[in-house]
Every structure is written in structure tokens, then in C-alpha cells.
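Here is what each chain is made of, one letter per residue.
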Amino acid sequence: PALHRRQDEVGEAAFVSYPQPPWQTYGFGVMCPYLVQVRDLDLPPGFEPVAIAGRTLGMFGYIEYRPPSPLVYGELLWMPATVRVRRSDGRRVRGHFVSRMYVDHEDSLAAGRELWHLPKSLARFDRRERGVDVEHGAARRVDQMAAVAHPGEQARVDHPSRLGGERHVQRD
């Protein structure tokens, strides 16, 4: 991994280390699909939702990257829509629009922003026996992902489209 200079959250110079892409990653993840009303989306210009009957597929996920991944960290993400967009070469491509990402590793934060222009924010992940609590900012809980560490169990997760407020996972 190479050292990269960047500014931290308060404008101070900081050095981070991350490898150049492509990355071969390992770990596990849980993705929860959601039907999202197109009228509720706030997409940037050029992004067109792929919709049927006024709804698009959103994905809420938790991923833990583990050794021998180049970086070892947790990631919580919200992708509110499946979209089409025209690339600079004129080709139309389809994928998921990422509106929020929380990671618990400074180097992942920097790499995500600098290499892929992803909206990553730094958060604290508290891994417990039955899941993960995620806090962002001044001890503000982003989400409580109790069922994620044990995906075989039934759980109901409140709609994640308003990440940043308090959410709860309820065990069934």
C-alpha cells in the first residue's frame, strides 16, 4: 500500500495508506432488498431510476471485509435505487446508486472517496455477539444491525432510506 496525503474532517493534513485497485476482498455481507417509491428519490442529474409501477429496487447492506483483504473494516451502506446512467464514452450502464456509506477505517474512507468518489463517512462499529451497532458523528446511532451477524435468523429492519436517524432491528 502507498501513503496518500489527504485532509481530515477538520482540514488538518493526514496520511492514509491503501492499495491501488483492483482489490481482492474477502469476508461476508448481508444485503436486504427494499422496494422504494421513485417519487421519494433524490438522484443526481443523469441518473434515471429503473422502475416498474413507480418503484425501484433499493439495497441496504452490511459488509465485513476480513483478512486477507487489503483493508480489514466494516461497511454499512444504503443504495436507494437501481439506476441507468450514461458513461463518458456514451454507453448506458445499469447499477445501484449509492447514497450513504459508513466505514470504520480511515484508509477505507480515503480510498472510497479518492478512488471511486463514494459518499463514505467514518463511523464507529460496535460488534456484539448478536450483531453490530453503528454510530456516526456525536454518538448518533445510525443503525442497530442485530440480525446481520446471524443472517439465518428472522429479523425486521426499519426502512433505511433516512439513514442518520435512529433505527431498530426487531427480532421475530
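All of these numbers come straight from a predicted model, not from anything done at the bench.

**What about the sheet that holds strand β4 (residues 48-49)?**
Working step 1: Across the sheet, 3 strands lie side by side as β4-β7-β8; this open sheet has antiparallel pairing. Each edge of the open sheet is held by one strand with a lone partner, namely β4 and β8 (92-97).
Working step 2: Where strand β7 (residues 81-86) meets β8, 6 bridges bridge the pair, whose relative direction is antiparallel. Following the sheet pairing, V85 is matched in β8 by V93.

**Topic: unusual backbone geometry**
Working step 1: Note that the residue after P21, namely P22, is joined by a cis bond; omega there is 0 degrees.
Working step 2: Along the chain, the position of P22 falls in the loop between β2 (13-18) and β3 (26-37).
Working step 3: Going from P67 to P68, the amide bond is cis rather than trans, its omega being 10 degrees.
Working step 4: Mapping P68 onto the fold places it in the loop between β5 (55-66) and β6 (73-79).
Working step 5: Look at A53: it is not a glycine, yet its phi comes out positive at around 55 degrees.
Working step 6: Structurally, A53 is set in the loop between β4 and β5.
Working step 7: One non-glycine residue with positive phi stands out, namely H117, at about 55 degrees.
Working step 8: With respect to the helices, strands and loops of the structure, H117 is situated in the loop between α1 (106-116) and β10 (120-128).
Working step 9: For H117, a relative accessible area of 67% puts it in the exposed group.

**A few points about the pattern of salt bridges**
Working step 1: Enumeration over the complete set of coordinates arrives at 9 salt bridges.
Working step 2: For E48, the salt bridge goes to R92, with nearest N and O atoms at 2.9 Å. Pair noted here: E48 is in strand β4 and R92 is in strand β8, with a separation of 44 residues, a long-range link.
Working step 3: Assessed through its relative accessible area of 40%, R92 is described here as partly exposed.
Working step 4: For R128, the salt bridge goes to D133, with nearest N and O atoms at 3.5 Å.

**A word on the packing of aromatic side chains**
Two numbers describe a pair of aromatic rings. These are the distance of the centres and the angle of the planes.
Working step 1: Counted by the stated rule, this structure contains 7 aromatic pairs.
Working step 2: A ring pair is formed by Y34 and W78, whose centres lie 6.0 Å apart and whose planes are at 80 degrees; its orientation type is edge-to-face. Taken together, the residues Y34 in strand β3 and W78 in strand β6 connect sequence positions 44 residues apart. Comparing Y34 with W78, the two get one shared label, buried.
Working step 3: For the pair Y65 and Y73, a centre-to-centre distance of 4.7 Å together with 35 degrees between the ring planes defines the contact as tilted. Accessibility assignment for this pair places Y65 and Y73 in one class, buried.
Working step 4: One aromatic cluster is present, built from ring pairs that chain together F28, Y62 and F125.

What counts and how
Residues numbered from 1 in each chain as written. Predicted model: local features only at pLDDT ≥ 70, side-chain atom pairs only at ≥ 80, totals over all residues. Heavy atoms only, no water. Pairing = 2+ DSSP bridges. Helix = DSSP H or I, 4+ residues; strand = E, 2+ residues; numbered from the N terminus. Buried < 20%, exposed > 50% of the residue type's maximum accessible area, 1.4 Å probe, protein only. Salt bridge = Lys/Arg side-chain N within 4 Å of Asp/Glu carboxyl O. Phe/Tyr/Trp six-rings, centres within 6.5 Å; stacked < 30°, edge-to-face > 60°.

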